[in-house]
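A structural walkthrough
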Amino acid sequence: MPIFPPVASALARPVSRRSGSETYRQIRAIAVSAPECLEGAKSSRALNSCDPVSLFNACRHAACLAQTEGNPWASSTWAAKRSDVRKHFMLMYSLDDIPAFEALLVSQRPNVVLIGAMTLCMPGAVECAKRVRRLLGDSAVIVLGGRHVNETLYLEDEKRREVSSVRHHKASPGRLIRDRTISPLFDIIISGEAEMVISAIGEGLAQSKELNLKNISEFLSLTIPGLWIADFPGMDTTHVSSGIRLDQNQLPSAIKAFGVQSSFDIFRGRLTSHVFSYTGRGCFYDCAFCSERRSVAGGIYDAHGAPARVYRQFQETISISNENPNARKASAFVEDSIFLNGSPSQINVLCELLEQKPLELIFGGQFTVDLVIQRRSLIERLASNGLRYVFLGLETLEPEAIGGMSKDIGSAHASWQKRFHEALSTLISLRISCGCALLFGLGESQFSREHLLSLLIKLRRTTGQPVTLSANWAVQHPLKNCLESADHDYLQWGTPEGRLLELFHRFGEASARYPLHGIAPPQVDEVTRIIERLDAFEALDEK
Ligand code: B12
Ligand code: SF4
């Protein structure tokens, strides 16, 4: 029995074995992360990655099926070595990447195009789908998914997993198609955990005599594991999964499926993998402005197996790095919103695994300011097992001026600024490098932004830390039924062409058009002054 069974056999539904001239239709799939902005290229000084990891996560089950005999994916265009499978994937940044996308369409002539979209990428997803229709007509099924869909097509009550509980935000692509705001560009729209449902769409497409959506829709059993909703707007049909949980211990990691190719500067030339504990997409702190908040992205589950999954991905990273012709050393960044949920028991189990069988790997992960202070001994234990980098969401120096942040749990002891200093000193004493995420546009003044950056420059000059900054401007995400986003359909680019867009190439997420409700949009002179300070911060690196 294969470790990753095809969806149909996993559900004990017979897969018709065909022989002679009757064969599966070959699945010819490409997957693309839609561009987030109108034009230009990301600044090399912005914190970034060249891997579409979110898309890799969505496609990891299908990609591993392609390596396993006895299912339609095994004869798909993904049945190739990892580096070749990656050629069917694309991470787009702006519309400047459209010619490369069109070239991929022409060379692959896919019959299924998977488009992943975060909120600011929605106009880009529409542009990509238009190109598919123009070049391939209806011969390719277009499937849309990712964070934007998750936040706009949802259940009113997660426990009531039935069609009557489905809700569409104004920006739900399925709703926009039904009310004819956009043409029927997306055939299938998947909200939620897509790993098994993507494999099933491929299987349905391969096995149905005629390539039509009705056949694929009928093929999707509600017992396919994962918390998902599949919307077929052209047929006005929606399926809600029955809620069988994914078995994260059985699913392959994105690393196993797609290998490792990127390298974070912080790990000095080592290959760097993106590791997930796969305990859910939500963060238990639930900060109001954040898309990862648990009340929107979902809670934590299957925490029990998490340390072993992280350890296993560390091992996979090493063996894949060793396969590299230049035998590069290995590193990993654990992408959990909070490293193993900050849980002492989970972190201790990971440390035990690393102490029993040490690995030649260094790693980083995300913590909060208060967790670094409160869990000092755990961080110390992690440091002695390879933790070399901690990324902190600093956001602002004055949480009280922006109405508070749920993660700011130690305010009774000292100010946020003081606690940040304490956390940084802790990391410095443990020889762990620190990176900080900054988030402007939460309601703070320009003076406060510049003060924050001046302080970070001073710290960098005097202590050598933090080593890196990621600047972001808060975007009003749909966040399901959040009232503040209710009027946006997100069909316009986040930032129109012009000076602000040029400046934002240096940022992580930012937009002129979708500031938080009640907060003034960013101005060119404000952002210019921020960039000047980011330049000054980075100039210290060059000295
Ligand atoms: C790794 C990462 C990146 C990588 C890779 C992005 C990529 N396109 O693959 C990089 C650094 C390049 C990146 C860039 C951006 N990111 Co990013 N990123 C992440 C991060 C840390 C992990 C993503 C992940 O794999 N999660 C785990 C998987 C299991 O969950 P998932 O991503 O939701 O994917 C599941 C489903 O959504 C679905 N799904 C995903 N894609 C698809 C595609 C199809 C076709 C289908 C059917 C389903 C499907 O299936 C997956 C498996 O269940 C998340 C935060 C987080 N911890 O999740 C932010 C996050 C997703 N990013 C975010 C943002 C805003 C961006 C940017 C727009 C701006 C920026 N630079 O930060 C760009 C967009 C780039 C682009 N063109 O796509 C936001 C999204 C918020 C929102 N509502 O839009 C997040 C949530 C961070 C945050 N708190 O704001 N990102
Ligand atoms: S702690 Fe960070 S990831 Fe978690 S909800 Fe708050 S801002 Fe988001």
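Right, let's walk through the structure included here.

Here is what the cut-offs are and how they apply
- Residues numbered from 1 in each chain as written.
- Chains lettered and ligands numbered in written order.
- Predicted model: local features only at pLDDT ≥ 70, side-chain atom pairs only at ≥ 80, totals over all residues.
- Heavy atoms only, no water.
- Axes fitted to C-alpha atoms, helices over the stretch in contact; angles between N-to-C directions.
- Helix = DSSP H or I, 4+ residues; strand = E, 2+ residues; numbered from the N terminus.
- Parallel < 35°, antiparallel > 145°, perpendicular 65-115°, else oblique.
- Left-handed = near helix turned anticlockwise from the far one by under 90°.
- Contact = heavy atoms within 4.5 Å.
- Nonpolar A, V, L, I, M, F, W, Y, C, P; charged D, E, K, R; others polar.
- Near = heavy atom within 4 Å.
- Polar contact = N/O pair within 3.5 Å; in protein donor to acceptor, adjacent residues only side chain to side chain.
- Core = buried A, V, L, I, M, F, W, Y, C linked by side-chain atoms within 4.5 Å.
- Buried < 20%, exposed > 50% of the residue type's maximum accessible area, 1.4 Å probe, protein only.
- Phe/Tyr/Trp six-rings, centres within 6.5 Å; stacked < 30°, edge-to-face > 60°.
- Pairing = 2+ DSSP bridges.

Describing the packing of helix α2 (residues 53–65) against helix α8 (residues 195–207)
- Running from N to C, α2 and α8 point in directions that differ by 50 degrees, and their axes come no closer than 7 Å. If you check the angle between α2 and α8, you find them oblique. Seen along the crossing, α2 lies across α8 with a hand that is right-handed. Within the contact between the two elements, α2 uses Asn57, Ala58, Cys59, Arg60, His61, Ala62 and Leu65 and α8 uses Glu195, Met196, Ile198, Ser199 and Glu203.
- A class-by-class count of the residues in the contact of α2 with α8 yields six nonpolar, three polar and three charged.

Things to note about the site of ligand 1
- Among the 42 residues in the neighbourhood of ligand 1, the closest are listed as Ser54, Thr119, Arg147, Glu195 and Glu292.
- In this structure, Val53 approaches ligand 1 through a main-chain N or O atom, which is 3.0 Å from an oxygen atom.
- For the shell around ligand 1, the secondary-structure elements that each account for two or more residues are α2, β3 (112–116), β4 (141–145), α6 (147–152), β7 (188–192) and α8.
- No other element matches α2, which puts five residues into the shell around ligand 1.
- By residue class, the composition of the shell around ligand 1 is 17 nonpolar, 14 polar and eleven charged.

Looking at the nonpolar core
- If you look at the biggest cluster of nonpolar residues, it comprises 77 residues, and the most contacted ones within it are Phe367 and Phe507.
- Discounting chain neighbours no more than four positions away, the residues touching Phe367 are Phe339, Ile347, Val372, Ile379, Leu382, Leu387, Val390, Phe391, Leu392 and Gly393.
- Counting 46 residues, the second largest nonpolar core, distinct from the first, contains Ala31, Ala63, Ala194 and Leu205.

Let's talk about the packing of aromatic side chains
- According to the stated counting rule, one finds 18 aromatic pairs in the structure shown.
- An angle of 40 degrees between the planes, with centres 5.0 Å apart, marks the rings of Trp78 and Phe89 as tilted. Highlighted residues: Trp78 in the loop between α2 and α3 (82–85) and Phe89 in strand β2 (residues 89–91), separated in sequence by eleven residues. Phe89 shares its class with Trp78; the two are buried.
- Aromatic side chains Phe284 and Tyr285 sit 4.6 Å apart centroid to centroid with 45 degrees between the ring planes, which places their arrangement in the tilted category.
- Judged by relative accessible area, Phe284 falls into the partly exposed class, the value being 27%.
- Take Tyr285: its relative accessible area is 11%, and that puts it in the buried class.
- Aromatic ring contacts, followed pair by pair, group Phe56, Trp73, Trp78, Phe89 and Phe258 into a single cluster.

Focus: the sheet that holds strand β8 (residues 228–232)
- Read from one edge of the open sheet, seven strands run β2-β1-β3-β4-β7-β8-β9, paired in mixed fashion. What marks the edges here is a single partner per strand, and that holds for β2 and β9 (237–240). Averaged over all pairs of adjacent strands, the angle between strand axes in this sheet comes to 15 degrees, irrespective of strand direction.
- As judged from the two bridges shared by β4 and β7, these two strands associate in the parallel manner. The partner of Val143 across the bridge, within β7, is Ile188.

With respect to the sheet that holds strand β14 (residues 433–440)
- Strand order across the open sheet formed by six strands is β10-β11-β12-β13-β14-β15, with parallel pairing between neighbours. Of all strands in the sheet, those bounded by a partner on one side alone are β10 (271–275) and β15 (468–473). Within the sheet, the average angular offset between the axes of one strand and its neighbour, ignoring direction, is 20 degrees.
- Relative to strand β12 (residues 361–367), strand β11 (residues 330–334) is paired through five bridges, and the arrangement is parallel. Note on β12: the bridge partner recorded for Ala332 is Phe363.
- Most of the contacts of helix α15 (residues 376–383) go to strand β13 (residues 387–395), to which it runs at about 140 degrees, and overall it touches β12 and β13.

Note that all results are geometric; they support no functional claim without further evidence.
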